[in-house]
Amino acid sequence: EGVVKPIELERAIRGWAKIDYNPVADQAERDRQNQLKGAAERAKIRSEMHGGFAGVTDANEAMAIGVNAQQLTQKSRDAAFGDSAPEVFGNGAEYVKSPDLKARRASLEKQFEEEARAQKLLNKVGEDFKGHDEATARAQADSVVLGGVEVAIDGEDERRKKKMPAKLVRRMKEE
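None of these values were measured; they are calculated from a predicted model. (Residues numbered from 1 in each chain as written. Predicted model: local features only at pLDDT ≥ 70, side-chain atom pairs only at ≥ 80, totals over all residues. Heavy atoms only, no water.)

Visitor: It is not clear to me how a nonpolar patch on the surface should be interpreted in this structure. Could you clarify?
Guide: A cluster of nonpolar side chains, Val 4, Leu 9 and Ile 13, forms an exposed patch at the surface whose accessible area comes to about 320 Å². Take Val 4: it is sitting in the segment before helix H1 (6-14). You can call Val 4 exposed: its relative accessible area is 57%. (Patch = residues over 30% accessible without salt bridge, like charges linked within 9 Å, V, L, I, M, F, W, Y side chains within 5 Å. Areas by Shrake-Rupley, 256 points an atom, 1.4 Å probe, with all protein chains shown as cover. Salt bridge = Lys/Arg side-chain N within 4 Å of Asp/Glu carboxyl O. Helix = DSSP H or I, 4+ residues; strand = E, 2+ residues; numbered from the N terminus. Buried < 20%, exposed > 50% of the residue type's maximum accessible area, 1.4 Å probe, protein only.)

Below you can see the structure in the form of structure tokens.
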């Protein structure tokens, strides 16, 4: 075509580069050594950035740190989800865990129910409430008003009386 591309010009000037694709025999070991050197250098930099902490090297020390972390986690869970005043909260976990509190709660519930029945606050159909006689039931049924209540909205009558502008009416007819 008569046009020399940049890559062709570079090859003409420099010549072809000989590339050896055959790896050396101990390539895997060299790669691993390079990885370890890089990891050591990154660890050194990270240690310097974080005040010189190099990590835990002793198994016993690591175990002690783990146990302490578990205890702190349990304390924070208890603080977050435990009941500070079990008698105040109706569905507190302490009522499930403690048999004494569970029994106390059951007796309090029974006492409250008896008081409510004595004050005729609990009406269990068929037991406490026998139902209405026919006359009372008919009177209640007749007193029920079906339908809604008409509500007057300020300015509603004026809005209904207003007419649409002629320009808008013409436009709607055209469409």
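The rest of the description comes next.
Visitor: Please explain helix H2 (residues 27-49) as it appears in this structure.
Guide: Every α-helix carries 3.6 residues per turn, so stepping three or four residues along brings you back to the same face. Helix length check: H2 (23 residues) gives 33 Å between terminal C-alpha atoms against 33 Å at 1.5 Å per residue, within 8%. Phi for Gly 51, located one or two positions after H2, is positive at around 80°. (Expected span 1.5 Å × (residues − 1).)

Visitor: Explain the pattern of salt bridges here, please?
Guide: Opposite charge on two side chains allows them to pair when their charged atoms are near. Overall, the coordinates contain four salt bridges when judged by the stated rule. We note a salt bridge from Asp 26 to Arg 30, for which the minimum N-O separation is 3.3 Å. Among the salt bridges present, the one from Arg 105 reaches Glu 109, with a minimum N-O distance of 3.6 Å. One end of the pair, Arg 105, and the other, Glu 109, are both in helix H5 (residues 99-118), four residues apart, so they sit about a helical turn from each other. Note on Glu 109: relative accessible area 45%, which makes it partly exposed.

Visitor: In this structure, what is going on with the environment of Ala 116? I would like to understand it.
Guide: Looking at where Ala 116 falls in the secondary structure, it is placed in helix H5. Dropping the residues within four chain positions of it, Ala 116 is found in contact with Leu 121 and Leu 122. (Contact = heavy atoms within 4.5 Å.)

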